[in-house]
Amino acid sequence: MLIAQAVLEGVLVGGFYALMAAGLTLVFGVMDIVNFAIGALIVLGAYLSYTVNVHLHLDPFVSLFITTPIMTVLGFAIYWFLIKPIKTDRVVMSLLTMFAVATLIEGVLDLTFNSGLVQIHASYINNSLKIGGLNFPLIYVLSFLLSAFLLAMLFLVTYRTKFGRSLRASMQNPVAARLVGINTDKVSGITLAIGIGMAAVGGMIFGTTNAFNAASSYDLISRLLVIVILGGFGSVGGALVSAIFMLVVQDVVSVVWSPVWGSTTFYVILIVVLLVRPQGLFGKKGVRAQ
Amino acid sequence: MSTQLATNTPAAPPSYEIPKIARFGSLGVVAILMVAFPVVFSNPTVTTIGVFAMIYLVSVTGWNIFSGYSGYIALGHAVFFGIGQYATAMLASYWNITPGWQTFLLIPVSMVLAGIAAVPIGFMLLRVRKHTFIVLTIALMFIFQLFAYNFRSWTGGSQGLEMTPPSWSGDIFNMPFYYVGLGLSVIALLTSWVVRRSKFGLGLLAIRDDEDRARSLGIKTTQTKLIAFVISAVFLGAAGALYAPFVGSVYPQFSFDPAFDLSLAVMAFTGGLGTLLGPSVGALVIASAQQYFLLTFGGANVFLIVYGVLFILILRLLPGGVVPALSMQWQHHVVRRERRKLESEPQQEGVAKQ
């Protein structure tokens, strides 16, 4: 029963990681940018929701209507002022730029909010549903549903709209996409803005389910990167599967063995998988061989 | 006509390098300044900054031998820095080494241990190409941090390990650390220089420019990268072995610190990634600034902000780094000088012929 409970929690929390990893891998697929700042941006989103919650007394889920636009605009700004001007060696330079952005955000958050741990509060945060002997914490269920809804929206946009077609074209072959008249700069900017806008949602979920401070970003980014590498860079489906898989493994190991080894297993799996398949579980060999 | 042209061939082409006298002269002045530094500024606060600058100088020079020359940016070299620290702290208590000069004997031991650890790690990490490599090094650093937390019986977990500092008096306490650090820096820079001028170093640079082509030209890319990785790890181990007894304690979150990795990258990029002296310049300036900020503001957050902004500016304005920008300025100067010469010469010839 304990193991069943662990699997359930792994799946529920995995939804959040799947959403964030999907954003990360899409951004990488379109413009070869490893958005290293996503961890710091999620924590920024969490602090924004926290501030709105404390000062305006809004429900965390309602606060998203304020924080998501802010984060989306921030995403555009990052693209326009920092990423677009990069001309040479885009992969490495953009990664380092995002690293610098992450450091800057962490410093600002640490200065504004101190390094004490905080958590976003709501009246129902400790409630849970009991179904068939299993415990469903309400906030996890709500977060999972929200993540699943946004992922479905993301799929709809990617596969059923004109913008989605431009996006997929830019992913397949940026030069050819530009030749047939797609404004790849615009597509890239919008994709990064969507990815960072989703970090506002991710931040709210992270902030209601965990106590956090500015330094939490390192833990987040390392996990997300592991998930994305494991799924194969640029593969959205791979990110979803590996997010759920990794979180389930981690929770089961925590229950069966000891919580301190849960996150270690997480990284050990990555190393083992990469020894066998350097391109990740679902990555295509040769496509991104650079 | 043609014979005339042949006799008129100009003398040796202009040298685009900064003159030897200027180069060796400035190196000598810097060397004297470095040796004299703790004697002139004997205030312990200032010499503490000096010791940290030396530790970073060794680290970034070692880091540059691999990341700078091969183009594989490693953001997990804190692993070897941490291995050096833990090895020193553990061995010092295991062998009951009395704190003092004997502690420095652990530096070569830590270097060897870091080098040995780098072989399997490098073998695993170097299976992937550039951007995945960066991410893997970050993941690896967190693995080691978690190991340090979890293997309590060896590492003391989150309690960390204590190292009794040597019983030197406060006034001269920093001196031995400073001079050992300076010696290690010289060794690191010499190694970097030898690597840069060797065939092996050319192989690394070829990998940086185009790995597939380097491979097709017969460079054993995996082997070359692995050797460079091990060399750089050895110097990080040395830096760690100097750091642990100086600070007096070893904790997982400070030994395997993501900020340390970022520092190395910022220093190397500021000075000039892949150049011999650029990273050292970056290390001396930024490490000193970092310590100064820590001492003045107490918290690390102000420095994180400064760091982030500085790094963004460097990447935007001087993507090559400060040192290459300076030598580029010199080359422009030479070109302008030669052009002026050429503009004035033909007129003289014309006058002579008439």
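**Q** Would you explain the overall build of chain A in this entry?
**A** The helix and strand tally for chain A stands at eleven helices and two strands. Each helix and strand of chain A, placed in order from N terminus to C terminus, yields the pattern α-α-α-α-β-β-α-α-α-α-α-α-α. The C-alpha radius of gyration computed for chain A amounts to 19 Å, which stays within 12% of the reference 19 Å derived for 290 residues, consistent with globular compactness. Principal-axis analysis of the C-alpha atoms gives chain A an extent of 60 × 45 × 35 Å. When the 290 residues of chain A are sorted by exposure, 51% land in the buried category. Pairs at least 24 residues apart make up 77% of the contacts formed inside chain A by residues separated by at least 6 positions.

**Q** Would you mind going over the overall build of chain B with me for this structure?
**A** For chain B, the count of helices and strands is 16 helices and two strands. Evaluated residue by residue, chain B yields a buried proportion of 45% over its 354 residues. Contacts in chain B between residues at least 24 apart in sequence constitute 82% of all its contacts with a sequence separation of at least 6.

**Q** Just to check I follow, could you spell out unusual backbone geometry for this structure?
**A** Within the chain, His57 of chain A stands out as a residue other than glycine whose phi angle is a positive 55°. Overall, the presence of 8 C-beta atoms within 10 Å leaves His57 of chain A in the exposed class.

**Q** Explain the environment of Phe76 of chain A to me, please; I cannot follow it from the model alone.
**A** Residues and elements named next belong to chain A. Note that Phe76 resides in helix H3 (residues 60–83). Classification of Phe76 as partly exposed rests on a count of 15 C-beta atoms within 10 Å. Ignoring anything within four residues of it in the chain, the contact list for Phe76 reads Gly189 and Ala193.

**Q** Help me understand helix H8 (residues 174–197) of chain B in this model?
**A** Every α-helix winds through 3.6 residues per turn, so residues three or four apart in the chain are directed the same way. Residues and elements named next belong to chain B. For H8, which comprises 24 residues, the first-to-last C-alpha distance of 34 Å matches the rise-based estimate of 34 Å (1.5 Å per residue) to within 8%. Among all positions of H8, only Asn174, Phe177, Tyr178, Val180, Gly181, Leu182, Leu184, Ser185, Ala188, Ser192 and Val195 are buried. Along its buried surface, H8 packs onto helix H2 (20–40), helix H3 (44–70), helix H9 (199–209) and helix H11 (221–247).

**Q** For this particular structure, what's the right way to read the nonpolar core?
**A** Across soluble globular proteins, nonpolar side chains have a tendency to be buried as a group. Among the nonpolar cores identified, the biggest contains 191 residues, and Ala21 and Leu224 of chain A together with Ala139 and Leu242 of chain B are the most heavily contacted of them. When near neighbours in sequence (up to four residues on either side) are disregarded, Ala139 of chain B contacts Ser222, Leu225, Val226, Tyr267 and Leu270 of chain A.

**Q** Help me understand the pairing of strand S2 (residues 134–137) of chain A, please; the structure alone is not making it clear to me.
**A** For a regular strand, side chains alternate in direction, first toward one face of the sheet and then toward the other. Residue and element names in this part refer to chain A. Bridge count between strand S1 (residues 128–131) and S2: four bridges; the pairing is antiparallel. Its bridge partner lying in S2, Ser128 is registered against Pro137. Hairpin connection from S1 to S2: two residues lie between these consecutive antiparallel strands, with Gly132 at a positive phi of about 55°.

**Q** Is there a simple way to explain the interface of chain A and chain B in this structure?
**A** Interfaces are frequently sized by the accessible area removed from exposure as the parts join. Contacts between the two partners involve 37 residues from chain A, matched on the other side by 32 residues from chain B. Contributing elements (two or more residues each) for the side of chain A that touches chain B: helix H4 (90–113), helix H9 (216–231) and helix H11 (259–276) of chain A. Split into classes, the residues belonging to the side of chain A that touches chain B amount to 28 nonpolar, seven polar and two charged.

**Q** Whenever I open this one, the confidence of the model for chain B confuses me. Can you help?
**A** Residue and element names in this part refer to chain B. Per-residue confidence for chain B gives a mean pLDDT of 85, with 93% of residues at or over 70. A low-confidence stretch, residues 1–6 stays under pLDDT 50, and its non-local contacts, those more than four residues away or across chains, total zero contacts. Model confidence for the complex: the whole-complex pTM is 0.82, and ipTM, which rates the interface, is 0.79.

**Q** Quick question: what am I supposed to make of the packing of H4 of chain A against helix H6 (residues 130–150) of chain B here?
**A** The angle between the axes and the distance between the axes are what describe a pair of packed helices. Close contact between H4 of chain A and H6 of chain B brings their axes to 9 Å; oriented N to C, the two are set at 30°. By the angle class used here, H4 of chain A and H6 of chain B are roughly parallel. Read as a crossing pair, H4 of chain A and H6 of chain B show a hand that is right-handed. Contact residues: H4 of chain A offers Val91, Val92 and Leu95 of chain A, while H6 of chain B offers Lys130, His131 and Ile134 of chain B. Residues that form the contact of H4 of chain A with H6 of chain B fall into these classes: four nonpolar, one polar and one charged.

**Q** Can you walk me through H3 of chain A in this structure?
**A** Residue and element names in this part refer to chain A. The largest bend along H3 measures about 35° and falls at Ile66, with the proline Pro69 one to four residues further on. Listed in full, the buried residues belonging to H3 are Pro60, Ser63, Leu64, Thr67, Thr68, Met71, Thr72, Leu74, Gly75, Ile78, Tyr79 and Ile83. Check the buried side of H3 and you find it contacts helix H2 (38–56), H4 and helix H8 (184–209).

**Q** Quick question: what am I supposed to make of the environment of Tyr140 of chain A here?
**A** Residues and elements named next belong to chain A. Residue placement: Tyr140 occurs in helix H5 (residues 138–160). Given 21 C-beta atoms within a 10 Å radius, Tyr140 is considered buried. Here the alpha-carbon distance between Tyr140 and Thr208, two residues 68 residues apart in the chain, equals 9.1 Å. Ignoring sequence-local partners within four residues, the contact set of Tyr140 consists of Glu9, Leu12, Val13 and Thr209.

**Q** Help me understand the environment of Trp154 of chain B, please; the structure alone is not making it clear to me.
**A** All names here are of chain B. Tracing the chain through its elements places Trp154 in helix H7 (residues 152–155). According to the C-beta neighbour criterion, Trp154 is exposed, with 12 such atoms within 10 Å. Taking C-alpha positions, Trp154 is 7.8 Å from Met90, a pair spaced 64 residues apart along the chain.

**Q** How should I be thinking about the confidence of the model for chain A in this particular structure?
**A** Atom-level detail of predicted coordinates should not be read off regions where pLDDT is low. Of the residues in chain A, 97% reach a pLDDT of 70 or more, and the chain-wide mean stands at 85. Segment residues 286–290 of chain A is flagged for pLDDT under 50; beyond a separation of four residues in sequence, or across chains, it makes five contacts in the model.

**Q** Help me out: how do you make sense of the packing of H2 of chain A against H4 of chain A in this one?
**A** Residue and element names in this part refer to chain A. The contact between H2 and H4 brings their axes to 9 Å, and the two run at 30°. Considering the angle they form, H2 stands roughly parallel to H4. Between H2 and H4 the crossing geometry is left-handed. Between H2 and H4, the residues in contact are Gly39, Ala40, Leu41, Val43, Leu44 and Tyr47 and Ala102, Ile105, Glu106, Leu109 and Phe113, respectively. Counted by class, the contact of H2 with H4 contains nine nonpolar, one polar and one charged residues.

About the thresholds
Residues numbered from 1 in each chain as written. Chains lettered and ligands numbered in written order. Predicted model: local features only at pLDDT ≥ 70, side-chain atom pairs only at ≥ 80, totals over all residues. Helix = DSSP H or I, 4+ residues; strand = E, 2+ residues; numbered from the N terminus. Rg over C-alpha atoms; globule rule 2.2 N^0.38 Å. Buried ≥ 20, exposed ≤ 12 C-beta atoms within 10 Å, placed from the backbone. Contact = placed C-beta atoms within 7 Å. Expected span 1.5 Å × (residues − 1). Core = buried A, V, L, I, M, F, W, Y, C linked by C-beta atoms within 7 Å. Pairing = 2+ DSSP bridges. Nonpolar A, V, L, I, M, F, W, Y, C, P; charged D, E, K, R; others polar. pLDDT = per-residue confidence, 0-100. Axes fitted to C-alpha atoms, helices over the stretch in contact; angles between N-to-C directions. Parallel < 35°, antiparallel > 145°, perpendicular 65-115°, else oblique. Left-handed = near helix turned anticlockwise from the far one by under 90°. Bend = angle between axes of the 7 residues up to and from the residue.

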